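# A look at the structure
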Amino acid sequence: MNAIVSDNPTMVSREVADLVIGAIRKDPDLVLIPATGNTPMGAYARLAKQMRRDAADVAHVRVFQLDEYLDLPPGDSRLLSGWMQRSLIDPLGIPPANVTGFRSDAPDVTAMCREYDAALEAAGGAGLTILGLGPNGHIGFNEPPSGADLPTREIALTPESIRSNAGYWGGEARVPLRAVTCGMAQLLASRQIVLVVTGEGKREILARTVAGPVTPDVPASFLQTSPNVTIVADRAAWGDLPLP
Ligand code: F6R
């Protein structure tokens, strides 16, 4: 585990954007798994601006969606695929054919998850995964308890995630109760993982992630077991933790 601790969220965004640009430069065929949620949005905006300025070629970058709510109809404004499209795919100009997503209204969720894992494996696995940190230690929608071997699958949102997601959509009643998530196994196998964490509200769960026991009760704590993880945090989130 490595950590970059920056003064503020703007500097965190800059660090994350630089890491992504570096990864695409090194591997133009990069397989990227990007989180939605609030934390990485500044990084994505910065990334798009910088890539446009550099006229960087993203024609071969492939994107696998990290997670998606279930039971929403196509076009619903709460779809995480739409959020990813608006914040990352469109601004970067990644060709639609390069995106592997989840269908919120999939008739057979298990089959969709198996297809996703097979497609990710066929693509050589994730080259770079950008994660946010849930208030309960979830990564993607791998809700506690989630062990390291769990594959891509359907999950039920925990009350804590429903509360945190309510902020995106204007109330708990608007948060779907089920989701699919890229599995712990697929995420932990990523050749590079960037965990982006900002704000004092994440301080306690970040401390448990970095310095607590490795346990399914804090799925993010399994990141301690991977040498390929870089945490990019601001001082408010990092607090007094020693640098690894
Ligand atoms: C979003 C996702 C979630 C968020 C996490 C943090 O695709 O998978 O794990 O990354 O809930 O969300 P924010 O950044 O809004 O605090």
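Below or above, wherever it landed, is the structure these notes cover. (Residues numbered from 1 in each chain as written. Predicted model: local features only at pLDDT ≥ 70, side-chain atom pairs only at ≥ 80, totals over all residues. Heavy atoms only, no water.)

### Observations regarding the site of the ligand
Cut-off, in case you're wondering: It suffices for a single heavy atom of a residue to lie within 4 Å of a molecule or strand for the residue to be listed as near it. We call two N or O atoms a polar contact when they sit within 3.5 Å, provided that within protein one can donate a hydrogen and the other can accept it, with sequence-adjacent residues counted only if both atoms are side-chain atoms. Here the Shrake-Rupley method, with its probe set to 1.4 Å, supplies the accessible areas, and only the displayed protein chains count as covering residues. Grid spacing is 1 Å over the protein atoms alone, the probe is 1.4 Å, and a cavity is where that probe fits but cannot get out, while a pocket is an open set with protein on both sides within 12 Å along at least five of seven lines and lining residues have an atom within 4 Å of a point. In this description, a molecule resides in a pocket or cavity if more than half of its atoms sit within 2 Å of the grid points defining it. Lys, Arg, Asp and Glu make up the charged group, whereas Ala, Val, Leu, Ile, Met, Phe, Trp, Tyr, Cys and Pro make up the nonpolar group; the residues left over, Gly among them, are polar.
Inspection of the region around the ligand gives 14 residues, with T39, D67, H138, Y168 and K202 positioned closest. T36 has a polar side-chain atom sitting 2.7 Å from an oxygen atom of the ligand. A distance of 2.4 Å separates an oxygen atom of the ligand from a polar side-chain atom of T39. Compared with its free state, where it exposes 410 Å², the ligand has 92% of that area covered by protein. For the ligand, the cavity whose grid points lie within 2 Å of the majority of its atoms is the largest pocket. Along the lines of polarity and charge, the residues of the shell around the ligand split into four nonpolar, eight polar and two charged.

### Focus: the pairing of strand β8 (residues 178-181)
Regular strands show a simple pattern: their side chains alternate between the two faces of the sheet. Going by this rule: Two strands make a pair as long as DSSP finds a minimum of two bridges between them. The helix and strand labels rest on DSSP assignments: H or I over at least four residues marks a helix, E over at least two residues marks a strand, and numbering proceeds from the N terminus.
Note that strand β4 (residues 67-69) and β8 share three bridges and pair antiparallel. From the neighbouring strand, Y69 faces β8, where its bridge partner is A179. Both strand β7 (residues 153-156) and β8 contribute to a ladder of four bridges, which runs antiparallel. Directly across from A156, in β8, lies its bridge partner R178.

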